[in-house]
Amino acid sequence: MIRAILIFNNHGKPRLSKFYEHYTEDTEQQIIRETFHLVSKRDENVCNFLEGGMLIGGSDYKLIYRHYATLYFVFCVDSSESELGILDLIQVFVETLDKCFENVCELDLIFHVDKVHNILAEMVMGGMVLETNMNEIIMQVDAQNKMEKSEAGIAGAPARAVSAVKNMNLPEMPRNINIGDISIKVPNLPSFK
Amino acid sequence: MALKIVKGSIDRMFDKNLQDLVRGIRNHKEDEAKYISTCIDEIKQELKQDNIAVKANAVCKLTYLQMLGYDVSWAAFNIVEVMSSSKFTYKRIGYLAASQCFHESTDVIMLTTNQIRKDLSSPNQYDTGVALTGLSCFVTPDLARDLANDIMTLMSHTKPYIRKKAVLIMYKVFLKYPESLRPAFPRLKEKLEDPDPGVQSAAVNVICELARRNPKNYLSLAPLFFKLMTSSTNNWVLIKIIKLFGALTPLEPRLGKKLIEPLTNLIHSTSAMSLLYECVNTVIAVLISLSSGMPNHSASIQLCVQKLRILIEDSDQNLKYLGLLAMSKILKTHPKSVQSHKDLILQCLDDKDESIRLRALDLLYGMVSKKNLMEIVKKLMLHVDKAEGTTYRDELLTKIIDICSQSNYQYITNFEWYISILVELTRLEGTRHGHLIASQMLDVAIRVKAIRIFAVAQMATLLDNAHLLTGNMQRNGICEVLYAAAWICGEFSEHLENPMQTLEAMLRPKVATLPGHIQAVYVQNAAKLFSTVLKSQEGSTEGTAAQETSQLMIDRLPLFVQSANLEVQERASCILQLVKYIQKLQQKEVEVAEEVSALFAGELNPVAPKAQKKVPVPEGLDLDAWINEPPSESESEDEQPKAIFAKEEPKHSRSRHTEVDEKELARRREARKQEQANNPFYIKASPSSQKVYQESPGVEHIPVVQIDLTVPLKVPGLPMSDQYLKLEEERRQKERADKKKKEKKKRKEKRSGRGRRHDSGPESEEDITPAHMVDIVTEEMPENALPSDDDDKDPNDPHKALDIDLDKPLADSEKLPVRSHRAAKVAKSPVEDGDAENTPPSQEPKKKSSKEKREKKKDKDRDRKKSKEEKKKKKHKHEEKEEDLLGGEADEPVVQSEDTTEVVALPTSTNAEVSDLDFWLSNAPVPSNTQEAATVAATAEADSVPEATSGTAPDSDHDEPKNSELEETKSSKHKKKKQKKEKEEKEKKKKKKHHHHHRHHSDGGADESVQNGTVEDEEPLPPMSNYCLLAENSYIKMVCDIQGNLQDGSQVVVSVIFENKCDSLLKSMEFNVLDSLNSKLQRPEGSGPHDGFTVPFQLPPGVSNEARLVFTVQSIVMPQKMKGTLTFIVKNEDSSIHEKLDFKLHFTCTSYLITTPCYSDAFAKLLESGDLKCSSVRLEEVNMPFHHLLARICFHHHFSVVERIDSCASMYSRSIQGHHVCLLVKTSGQTVSIDAKCDEPTLLGNVLDEIKQTFSQC
């Protein structure tokens, strides 16, 4: 079982948090902080597993993480999950994000956390791995987005226009600024499949 | 009105959306909290709007804020509103928010039951998907109970996308509602062979998760998993299965033997590291479970170790980590094979990665031998000095102690060395494990008698240098060591070289800063030391020395008498008085040493920690029996304590010090403050308020110096452990030399050339003799102690509830609660469609009553069987009849058709399986897929001849069993009344809440309107079902239910239950209909207009399953019939036949109606509008109570009651295309008149005809 999935950046700012067990908001923040603390002090080129912190899990749980550019993807899992399998799942997740956002970067995750959640929901459900086939995931996500678009239809057009205007007026355009705008490089890792 | 909406939506267009919010937060880095609080205010405003789009936007933003740590539970109700939106876009936002912030104690969750049910049965797969995903995150026991059946139906949905989600969520349902496990399990098992790999993987996932917690219940699935393992190519599935086998093998060694070969093959063949690793892991588990000694297994071990070595040597740190992890599992059973890789593991100790070092440490535990222990520990001690983080250092410390103390100090040859290691460890700064070191010191000193002299000397030095340990208050953890030191010095004081010096060390003022429990030990052991000192001093000539010692005690002890710690205070004042008395005697020149030492005479034996628990209860002793007669009840209980208090009170006042009144105390306090203020030597805010005796005469004062202890420090008099290492080396060298000499001698003597065994090469374990002959005293245990150790299970484990035997046949009482009509006494068959939405959540108690009845009946039947064999035949008949009744003949009301058939099927198939498992495990060749199914079928037949023939039961006797059942229904009703009442109360409460939120919650409110019509029921309704017979032959029976689709005006959903009536497997079922102009079957994408719909499951004998088909219709005003054919293959042991079954699908106009709630004001408006056409119908000779009549109309024709006044009621329904249908039902005697209005007269006419027909049938 997966107990939690966390994404945060190099400064510990949460970009996505998904807990498959209930914690209070305060505890959740503490867990994110603790996990960041544990993960961030590790060098590159060390292994991607570490024993869970005090707050989450205990001896049966492990943190499995990957570090891409400015982001940490951390899965907290128990012993029923295969360690290498989860590493691969993280890779699938990031590659899927890359496909869905077209060269994903941290800003995509910052501004579209809801979409990230929707993608994640097609992969992991209630703490259990639902789908690992990237094409299938993308297909379902696309189908749902299409449905959303068709629902918005004409009614959605003015809203879209307004948001476009808003974007135009604001100096901060997600793609053009420099903070965290390094796109997450997805290395082609030898997939275990 | 419309203008207003448009205007509102334009206003709202300038609301912040999620992106704006994020951007805003990023632009307000300095005052983020303030900015967010204004945003939350805005969100609150937005949530008050009626526009659902605005609400959804607000909820979306809240979800983001929740991630940032803001509590958004206040918006829970709004989230529910957004969830119930009909648009997928908003629904998804709502469910996401719910999954992020709902949990079991969120009270609005209970409002969602009906909404979720509706979404689950939605024809849009993504509505269902989103609902399942959301539900998986916030499912509660109530939701699990109420929705279990709906989800179970979804497990055989036509779309694999839904199937896999439904399968996966079942695990959560089982956790929250364990009763659902057994009824749902057969279908879950079925999904292991689903054609879709995703569904299969989900089923494997769920069963693995279940089996991991309670493996023994899943042993019978081993053959199936074995088949999957050998056939599957999906690595995810393989990994899960292999992990599952790892959990199963300890229970069944035969399974392990079977597994070894295919696993070894996989290890050789796979290129996927993850799979390889899991295979190795499971092989290890297998080998652990097998008794060793089989030759080919040592090969497997070698293979594993060899593969792991490759992993460990890999440059990928992850593989290295995992290799070490797996290695530690082998270590437990096959330490020898691991030990050969010692070099590699020691190398990992130097790795820069802490995770890897920790894993290597785990392995060291098994690496040690008498020979290398000192060497390894030396290496670890070096690491201790170098380690940076306290966690790693603490880990090292515990590992050192673990390694040394393992299996009763097996590997320690030199305890002096060990003691000095322990003493060295006390230098660790800031460790949390002081108590661990202390307990080791105590343990060794107590149990190894030979070491006591040395230990006592070391401890005395420690006590003398206590300031080094306590100098820094931060390092409090290590103080614990002083506890051990003080106790050892006191208890074994006879071994002390200079007890006087130690006594002084223990009475130093600095001691008062130690924690209380340590001070207490100090005081007590000072007394022990005192007695030893007295003894030695009295023996010598000078008597004054003894008196001086007493004086020292009298001088120092008052420090402890003032201690804030009760224990210290008490002990100190006792001992102080004692010493004062001794001093008096000494002044009279009485010899007291003998008597004083008698106080501490005798040796303490080590006692095992569990000893007390293990004392066996003597025979004939009943611990629960009363010792005295229990007090009679008439005695009032509160009298006794009073008496006790009355007695005790005077005691209390006596023992207390003289009481000082408040004024006096205040005065004294004031005086003291004054004095302190005037006293230049008074140090304010000192750590302890006690007086500090700094210049006591006769004691050398040891200046407290802060020493930086990170520099390795040599305490004078403390030998370094390294010296021991050298000594040991020398000693062993010498021994070896001696031995060689001896052997040479022997050889010379023998000269036969045979004795070449021992001469060269590394010495074997036994050759190393301990430096000291030590006698390790075992801990005491009571006589006849029970060896069992069964006390370590966690009673709070949620998975304990899932420890359910799945092979037992399913009893009737275990069926899943099925949504039923509010008034229905017996639950109706599992439906998942619209009409069920108007049912309240649960009907469990009522339903159970009927089930119990049925069970009782079966019991009776069983009894009869026992009593008279002649009646056997008759009994068979009975059972058959019963099954027919329950199994649902077409003209009878169908009750639980699906589940009962499963009940019949289950015992046979599981019996077959258990025996099958034994057969399979006994190394017979693995049967292929079809063969296996065939054997199952065959055994099933053999086991259950009576059941299997149920298809051909005579019809003539039908009335009798039915009547008897109804009678029983009535009799048992009384028993259940209480329960029912409670239930009703609960429901009323719920209802209140529902009403409270009525206006906001229009979609979920569907249930009340029907309750209005039936809530005051006095009499239970007969069971009802909308499933009607579609077609039937000797192989298969189809019943179906047709429901309109709320979301799509042109769709109708047909749920068909297929029931296998024969003894063979039915497969490749294809369902096809001839499309008409008006109605068409929706076929999967890519198939032609004449292709059939492939039913996504197979049917083993006696099993039934449900499939759902979607039809599009254009006009709904007329009923219509569609011709169709079901083709299927009957698979026997030796043959398979193609069969077909024709049927006619009848779309009534009723099936286009959807239960829609309507409020009386809206209803009145509708009637007044004048758009509706009128029609009426009269029913004669209706023999049923009015509320039954209404319930029937509601149930069969999808109406809801708007209002009911006495014998008159108004009802409402709506078609999928939006036609309003209004009824006014009046009754007088046996005549019922129905006046109806509708905007489509043809539709109305047809509906009325159908209603008439319903009632003409009863």
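Every value quoted in this text rests on a predicted model; they were computed, and no experiment measured them.

1. Some points on the overall build of chain B
When helices and strands are tallied, chain B shows 48 helices and 15 strands. Relative to its 1258 residues, chain B shows a buried fraction of 52%. Within chain B, residue pairs in contact and separated by at least 24 positions form 72% of the contacts whose partners lie at least 6 positions apart. For chain B, the accessible area works out to roughly 60800 Å², and carbon and sulfur atoms hold 51% of it.

2. Let's talk about the sheet that holds strand S2 (residues 1036-1044) of chain B
Residues and elements named next belong to chain B. Taken together, five strands build an open sheet; the order of strands is S1-S2-S3-S7-S5 and the sheet is antiparallel. Two strands lie at the open edges of the sheet, namely strand S1 (1028-1032) and strand S5 (1079-1081), each paired on one side alone. Put simply, the sheet's adjacent strands are angled 30° from each other on average, direction ignored.

3. Quick word on the confidence of the model for chain B
Residues and elements named next belong to chain B. On average, residues of chain B score 73 in pLDDT, and 67% of them are at 70 or above. Ranking the elements of chain B by mean pLDDT puts helix H45 (residues 1006-1014) last with 40 and helix H10 (residues 160-176) first with 93. A low-confidence stretch, residues 821-853 (pLDDT under 50), is modelled with 124 contacts involving residues beyond four sequence positions or located in other chains. Here residues 877-913 scores under 50 on pLDDT; set against residues more than four positions off or in separate chains, the count is 98 contacts. Model confidence for the complex is summarised by a pTM of 0.57, with the ipTM given as 0.89.

4. As for the interface of chain A and chain B
Listed per partner, the contact involves 70 residues of chain A and 70 residues of chain B. Buried area between chain A and chain B, both sides added, is near 6400 Å², and the carbon and sulfur share of it is 55%. With a shortest N-O distance of 3.4 Å, Lys240 of chain B and Glu81 of chain A are connected by a salt bridge. Summed over the shared surface of chain A and chain B, the number is 34 residue pairs in polar contact (both at pLDDT 80 or more). Looking at the side of chain A that touches chain B, the elements that each hand over two or more residues are strand S2 (14-19), helix H1 (25-40), strand S3 (49-51), helix H2 (83-101), helix H3 (106-111), helix H4 (113-121), strand S7 (128-129) and helix H5 (134-169) of chain A. No other element matches H5 of chain A, which puts 14 residues into the side of chain A that touches chain B. Considered class by class, the residues forming the side of chain A that touches chain B number 30 nonpolar, 19 polar and 21 charged.

5. Structural notes on the packing of helix H47 (residues 1186-1197) of chain B against helix H48 (residues 1241-1257) of chain B
Residue and element names in this part refer to chain B. The geometry of H47 relative to H48 is characterised by a closest axis approach of 11 Å and an angle of 125° between their N-to-C directions. With respect to each other, H47 and H48 are oriented oblique. The hand of the H47/H48 crossing is right-handed. In contact with Leu1189, Arg1192, Ile1193, His1196 and His1197 of H47, H48 contributes Glu1250, Ile1251, Thr1254 and Phe1255. For the contact of H47 with H48, a count of residues per class yields four nonpolar, three polar and two charged.

6. Some remarks on unusual backbone geometry
Residue and element names in this part refer to chain A. Here Ala69, not a glycine, exhibits a phi torsion of approximately 45°, which is positive. Within the secondary structure, Ala69 is located in the loop between strand S4 (62-68) and strand S5 (71-77). One non-glycine residue, Asn103, lies in the positive phi region at around 55°. Within the element layout of this structure, Asn103 appears in the loop between H2 and H3. The class for Asn103 is exposed, based on a relative accessible area of 52%.

7. Some words on the sheet that holds S3 of chain A
All names here are of chain A. Pairing in this open sheet of five strands is antiparallel, and the strands run S2-S1-S5-S4-S3 from one edge to the other. Looking along the sheet, the strands with just one partner apiece sit at the ends: S2 and S3. Recorded for the sheet is a direction-independent mean angle of 20° between the axes of neighbouring strands. Two elements, S3 and S4, share three bridges in a ladder whose sense is antiparallel. Its bridge partner being in S4, Glu51 is matched across the sheet by Lys62.

8. Observations regarding the packing of aromatic side chains
Within this structure, the stated rule accounts for 21 aromatic pairs over all chains. Geometrically, the ring pair formed by Phe19 of chain A and Tyr23 of chain A is edge-to-face, given 5.6 Å between the ring centres and 70° between the ring planes. For the pair Phe19 of chain A and Tyr23 of chain A, one class covers both residues: buried. Seen in terms of ring centroids, Phe1058 of chain B and Phe1071 of chain B are 6.3 Å apart; in terms of plane orientation they differ by 85°. Their pairing is edge-to-face. A residue pair is termed long-range when its members are at least 10 positions apart, and Phe1058 of chain B in strand S3 (residues 1051-1060) and Phe1071 of chain B in strand S4 (residues 1065-1073) qualify at 13 residues. Here Phe1058 of chain B and Phe1071 of chain B have matching classes, each one buried. What links up through ring pairs into an aromatic cluster is the set Phe8, Phe36, Tyr65 and Tyr72 of chain A. Directly above the aromatic system of Tyr61 of chain A lies the positively charged group of Arg3 of chain A, at a separation of 4.4 Å from the ring centroid.

9. Thoughts on the pairing of strand S1 (residues 2-9) of chain A
Here is the key point about a regular strand: its side chains alternate between the two faces of the sheet. Residues and elements named next belong to chain A. Counting buried positions along S1 gives eight out of eight residues, so the element sits mostly inside the fold. The pairing of S1 with S2 spans five bridges and is classified as antiparallel. Directly across from Ile7, in S2, lies its bridge partner Leu16. A loop of four residues connects S1 with S2, the two strands running antiparallel in sequence, and Gly12 in this loop sits at a positive phi of about 85°.

10. Some remarks on a nonpolar patch on the surface
A contiguous nonpolar patch, built from Val617, Leu621 and Leu623 of chain B and spanning about 300 Å² of accessible area, is present on the exposed surface. You can see Leu621 of chain B is positioned in the loop between helix H34 (611-614) and helix H35 (639-655).

11. Looking at the environment of Met229 of chain B
All names here are of chain B. Along the polypeptide, Met229 turns up in helix H13 (residues 222-231). Residue Met229 is classed as buried on the basis of its relative accessible area of 5%. Along the backbone, Met229 and Ile242 are 13 residues apart, and their C-alpha atoms lie at a distance of 7.6 Å.

12. Considering the pairing of strand S14 (residues 1220-1228) of chain B
All names here are of chain B. Pairing analysis gives seven bridges linking strand S13 (residues 1208-1215) to S14, with the strands arranged antiparallel. If you follow Ser1210 over to S14, its bridge partner there is Leu1224. Relative to strand S15 (residues 1231-1238), S14 runs antiparallel, the two sharing eight bridges. Opposite Leu1223, over in S15, you have Ala1236 as the bridge partner. Where S14 hands over to S15, the hairpin turn is made up of two residues, of which Gly1229 adopts a positive phi near 65°.

Calculation notes
- Residues numbered from 1 in each chain as written.
- Chains lettered and ligands numbered in written order.
- Predicted model: local features only at pLDDT ≥ 70, side-chain atom pairs only at ≥ 80, totals over all residues.
- Heavy atoms only, no water.
- Helix = DSSP H or I, 4+ residues; strand = E, 2+ residues; numbered from the N terminus.
- Buried < 20%, exposed > 50% of the residue type's maximum accessible area, 1.4 Å probe, protein only.
- Contact = heavy atoms within 4.5 Å.
- Areas by Shrake-Rupley, 256 points an atom, 1.4 Å probe, with all protein chains shown as cover.
- Pairing = 2+ DSSP bridges.
- Axes fitted to C-alpha atoms, helices over the stretch in contact; angles between N-to-C directions.
- pLDDT = per-residue confidence, 0-100.
- Buried area = accessible area lost by both parts, 1.4 Å probe.
- Salt bridge = Lys/Arg side-chain N within 4 Å of Asp/Glu carboxyl O.
- Polar contact = N/O pair within 3.5 Å; in protein donor to acceptor, adjacent residues only side chain to side chain.
- Nonpolar A, V, L, I, M, F, W, Y, C, P; charged D, E, K, R; others polar.
- Parallel < 35°, antiparallel > 145°, perpendicular 65-115°, else oblique.
- Left-handed = near helix turned anticlockwise from the far one by under 90°.
- Phe/Tyr/Trp six-rings, centres within 6.5 Å; stacked < 30°, edge-to-face > 60°.
- Lys NZ or Arg CZ within 6 Å of the ring centre and 35° of its normal.
- Patch = residues over 30% accessible without salt bridge, like charges linked within 9 Å, V, L, I, M, F, W, Y side chains within 5 Å.

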